[in-house]
Amino acid sequence: MSEVFVSYARSTEAEAQKIAEALRALGYRVWRDDELPAHRSYGEVIEERLRQAKAVVVIWSAEAVKSEWVQSEADRARNDRKLVQITLDGAPLPMPFDRIQCADLSAWNGDLNSPGWRKVEASIAELTAHKASALRSSGHESSGQTGASPAAARRQAICVLPFANISDDPQQEYFSDGISEDIITDLSKVSALSVVARNTAFTFKGKPVDVAQIARQLGVSHILEGSVRKAGNRVRITAQLIDGAVGDHIWAERWDRDLTDIFAVQDEISRSIVAALKLKLLPAEKKAIEQRGTASAEAYNLFLMARHHLDTGNMGDPRREATIARLCRRATEIDPGYARAWALLGYIQGVAVFNYGREGDDGSAATERAIEIDPDLAEPYATRAKALKTRGEMASAFAEIEHALRLDPDSNEVNSVAAEMYYDARRFEDAVVCFAKVAAASEADYSSPGVMMSAYIALGDTDNARRAAQMALERAEKVVAQDRNNGGAMATGVNALAALGEIERARGWIDQALLIDPDNPLMRYNFACALAVNLADAEGAVELLKSTIADGPQRLVNGILTDPDFDPIREDPRFKAILPAVEARLAR
């Protein structure tokens, strides 16, 4: 993982490059946004690198002071107590950064002994526990180079690639994915090891693997890859640990076991990796790894099946929610103390009621049961947040979702709820980070990139809006090709087409979808968004929104008041005329 994150405005890119190169020469791993991978969204990568960095160097300039991105990154670093400030032109800093020490490099020529640079280096060394400054002060350098060993100053870092499903049945992929996710979770509990997040690792799923390239791209020292073959009650798992720098196999093993031994195999994999990397596993970490949440391999298998349906099923399809709920209920019948199964049951019941306005259990009972069993599980707090938001208790809702994000910042369910809440609160920069994580979790998810596109449009970020629109369109087209009746995918496709300028095709999709599924409130609402923001048709948007007011779920009715897609028509008399009906519906 990168130790130092460099934040700067585009006008000072040359200076930022010079500062980054000087830090790399001292043995630091440095990241700045010239290294953004082409296949991932800007917001997702920035959030991940900020979180992983031990020090964040903010290069202030007149342009940087005006940049919302630089200020946002600086504020995140300040809150995390890892901010290092540099000024290049003496521009007055915005509050509260003007009250924090700032190194002056306005006339810096690369001299590593200048007072300003020594201040920067000392701060970074303290934050990262790096040895370069100590060695420099002891005289162990020559011509500005340090004798510090970069490896000595860094934790080991690993990326667990998704294990390949080599079962005869391709439907067993849910099991190999679940094994991969659990190994990532286990290794993340080892304090001496940095682990690439699940969403990032899974972007390489099904693609040709160049270990050295992936290691360089992610800044990791090691790669774990493997395969899973599941047949009946038997499972064969292979795993190989590879040195990312040279491509050598450090360790490899194969297990042929009964399915009931799956937890023991996972423990052995984690312990073997820790041993191969010569790391120390603390007693508390060993105990945490061995806590699986259930001792039942059958309940575990059902839970993995439910998670697979969550990631790959059609969003908004009642059959998806019903399938997940059935699998989770059966898992909790087998093991009433299985908190993860209770949490997923509560989450999917909440989605059905709060997002789609369906009748039935809203998941509150299952959610509270999950928290009672495991108070450190993140997902139930996200379901709580969704319920509180629906009741209008916004302060409590945000307290719950922020607690959930602290417990597990990479949870798909937590980020899904957080993205929705941030978007509705018009906190678009926070929303795109969460939407990007959710979109990366499953290539079947067309909705997240679709709403992420709208958030980027609201931010005025045209390039990222187009990238999100292209992703949303490609995913929606795949779903529609398999199911012409999927109104949700049609609605996302229309918005993406409109944003990409394919106006006639967008209108053709609207006409076709309204003939196939005229009573789908989510679809009609999203068509209204497209008509308002990209198709310049206020009258058409308002006509569709009237049906949302009449019978749409409360979340969509709220969206009429908050969704930035309707900002272009808010002053239109026809839009203003429906607002009393919106207020009356919400009051009821």
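Residues numbered from 1 in each chain as written. Predicted model: local features only at pLDDT ≥ 70, side-chain atom pairs only at ≥ 80, totals over all residues. Heavy atoms only, no water.

Participant: Can you lay out the overall build of the chain for me, pointing to particular residues and giving the numbers?
Facilitator: For the chain, the helix and strand inventory stands at 27 helices and 13 strands. Taking 25 Å as the expected radius of gyration for a compact globule of 588 residues, we find that the chain reaches 25 Å, a close match to that expectation. Projecting the C-alpha coordinates of the chain onto the three principal axes gives extents of approximately 75 × 65 × 40 Å. Taking all 588 residues of the chain together, 55% fall into the buried category. Within the chain, contacts between residues separated by at least 24 positions form 62% of all contacts whose residues are at least 6 apart in sequence. For the chain, the separation between the mean place of its 70 positive charges and that of its 87 negative charges on side chains is 3 Å. (Helix = DSSP H or I, 4+ residues; strand = E, 2+ residues; numbered from the N terminus. Rg over C-alpha atoms; globule rule 2.2 N^0.38 Å. Buried < 20%, exposed > 50% of the residue type's maximum accessible area, 1.4 Å probe, protein only. Contact = heavy atoms within 4.5 Å. Lys, Arg positive; Asp, Glu negative; His and termini not counted. Charge placed at Lys NZ, Arg CZ, Asp CG, Glu CD.)

Participant: How would you sum up the environment of Pro375? Please name residues and give values.
Facilitator: Examined against the element boundaries, Pro375 turns out to sit in the loop between α15 (364-373) and α16 (379-390). Sequence spacing of Pro375 and Glu173 is 202 residues, and the spatial spacing of their C-alpha atoms is 30 Å. Excluding anything up to four places from it in sequence, Pro375 contacts Tyr381 and Leu407.

Participant: An account of the environment of Ala157 is needed here, citing residue identities and associated values.
Facilitator: Relative to the elements of secondary structure, Ala157 occurs in strand β8 (residues 156-160). Sequence separation between Ala157 and Arg524 is 367 residues, and the spatial gap between their C-alpha atoms is 47 Å.

Participant: Lay out helix α9 (residues 211-218) in plain terms, naming residues and giving numbers.
Facilitator: Inspection of α9 places Val211, Ile214, Ala215 and Leu218 among the buried residues, and these make up the whole buried set. Mapping the buried residues of α9 onto a view down its axis gives an arc of 100°, with all of them on the same face. Within two residues after α9, Gly219 carries a phi angle of roughly 70°, on the positive side. (Arc of directions from axis to C-beta.)

Participant: Talk me through the pattern of salt bridges; I want residue IDs and the actual numbers.
Facilitator: Per the stated rule, a full pass over the model turns up 33 salt bridges. Between Asp182 and Arg340 there is a salt bridge, and its shortest N-O distance comes to 3.7 Å. Of this pair, Asp182 sits in helix α7 (residues 173-188) while Arg340 sits in helix α14 (residues 339-355), and the two are 158 residues apart along the sequence. By relative accessible area, which is 6% here, Asp182 ends up buried. The salt bridge partner of Glu420 is Arg555, with a shortest N-O separation of 3.3 Å. Taken together, the residues Glu420 in helix α18 (residues 412-424) and Arg555 in helix α26 (residues 554-562) connect sequence positions 135 residues apart. Overall, Glu420 belongs to the buried group, its relative accessible area being 8%. For Arg555, a relative accessible area of 27% translates into the label partly exposed. Among the ionic contacts, a cluster of salt bridges with common partners joins Lys386, Lys389, Glu420, Asp424 and Arg555. (Salt bridge = Lys/Arg side-chain N within 4 Å of Asp/Glu carboxyl O.)

Participant: With reference to specific residues and values, describe the sheet that holds strand β2 (residues 30-31).
Facilitator: The strand order across the open sheet formed by 5 strands is β2-β1-β3-β4-β5, and the pairing between neighbours is parallel. Two strands lie at the open edges of the sheet, namely β2 and β5 (102-104), each paired on one side alone. One ladder, built from 2 bridges, connects strand β1 (residues 4-7) with β2; its direction is parallel. From the neighbouring strand, Phe5 faces β2, where its bridge partner is Trp31. (Pairing = 2+ DSSP bridges.)

Participant: Give me the pairing of strand β3 (residues 55-60): which residues, what numbers.
Facilitator: The element β3 is largely enclosed, with a buried count of 6 among its 6 residues. Covered by surrounding structure in β3 are Ala55, Val57 and Ile59 together with Val56, Val58 and Trp60, the residues of both alternating faces. Pairing of β1 with β3, which is carried by 4 bridges, proceeds in the parallel orientation. Residue pairing in the sheet places Ser7 in a bridge with Val58 of β3. Sheet analysis places β3 next to strand β4 (residues 83-87), joined by 5 bridges and oriented parallel. In the strand pairing of β4, Val58 is matched with Gln85.

Participant: Tell me about unusual backbone geometry, residues and numbers included.
Facilitator: A positive phi angle, close to 60°, is found at Lys278, a residue other than glycine. Within the element layout of this structure, Lys278 appears in the loop between α10 (262-276) and α11 (283-290). For Lys278, a relative accessible area of 75% translates into the label exposed.

Participant: Before we move on, could you go through the nonpolar core and cite the residues and values that matter?
Facilitator: Judged by nonpolar contacts, the single largest core of 143 residues is most densely connected at Phe175, Leu224, Ile237 and Ile401. Top element by residues in this core is α14. It accounts for 9 residues. With sequence-adjacent residues up to four places away left out, Ile401 is seen in contact with Ala382, Ala385, Val414, Val417, Ala418 and Met421. Grouped together as the second largest cluster of nonpolar side chains are 25 residues, Ala20, Ile59, Ala103 and Ala125 included. (Core = buried A, V, L, I, M, F, W, Y, C linked by side-chain atoms within 4.5 Å.)

Participant: Which residues make up the packing of aromatic side chains, and what values go with them?
Facilitator: Applying the stated rule across the entire model yields 11 aromatic pairs. In this structure, Arg198 is placed above the aromatic ring of Phe202, and the distance from its NZ or CZ to the ring centre is 3.9 Å. Positioned above the aromatic ring of Phe175, the side-chain terminus of Lys230 is 5.4 Å from the ring centre. (Phe/Tyr/Trp six-rings, centres within 6.5 Å; stacked < 30°, edge-to-face > 60°. Lys NZ or Arg CZ within 6 Å of the ring centre and 35° of its normal.)

Participant: Requested: an account of the packing of α14 against α16, with residues and values cited.
Facilitator: Relative orientation of the contacting elements α14 and α16 amounts to 20°, with a least axis distance of 9 Å. Considering the angle they form, α14 stands roughly parallel to α16. Note that α14 runs across α16; the crossing there is left-handed. Listed contacts from α16 to Ala343, Gly346, Tyr347, Gly350, Val351, Phe354 and Asn355 of α14 are Glu379, Pro380, Thr383, Lys386, Ala387 and Thr390. For the contact of α14 with α16, a count of residues per class yields 6 nonpolar, 5 polar and 2 charged. (Axes fitted to C-alpha atoms, helices over the stretch in contact; angles between N-to-C directions. Parallel < 35°, antiparallel > 145°, perpendicular 65-115°, else oblique. Left-handed = near helix turned anticlockwise from the far one by under 90°. Nonpolar A, V, L, I, M, F, W, Y, C, P; charged D, E, K, R; others polar.)

Participant: An account of the environment of Leu514 is needed here, citing residue identities and associated values.
Facilitator: Among the secondary structure elements, Leu514 is positioned in helix α23 (residues 503-516). Taking the C-alpha atoms as reference points, Leu514 and Met490, separated by 24 residues in sequence, lie 9.9 Å from one another. Setting aside anything within four residues of it in sequence, one finds Leu514 in contact with Met523, Arg524 and Phe527.

Participant: A description of the pairing of β4 should follow, citing residues and the corresponding values.
Facilitator: A large share of β4 lies buried, amounting to 5 of its 5 residues. On β4, burial covers both faces: Leu83, Gln85 and Thr87 on one face and Val84 and Ile86 on the other are all buried. With 3 bridges joining them, β4 and β5 adopt parallel strand pairing. Across the sheet, Ile86 pairs through a bridge with Ala103, a residue of β5.

Participant: Kindly report on the packing of α16 against α18, identifying the contributing residues and their values.
Facilitator: Across the interface, α16 lies against α18 with an axial gap of 8 Å and an inter-helix angle of 30°. Considered as vectors, α16 and α18 are oriented roughly parallel to each other. Where α16 crosses over α18, the handedness of that crossing is left-handed. Every residue of α18 that contacts α16 at Glu379, Ala382, Ala385, Lys386 and Lys389 is listed here: Glu413, Val414, Val417, Glu420, Met421 and Asp424.

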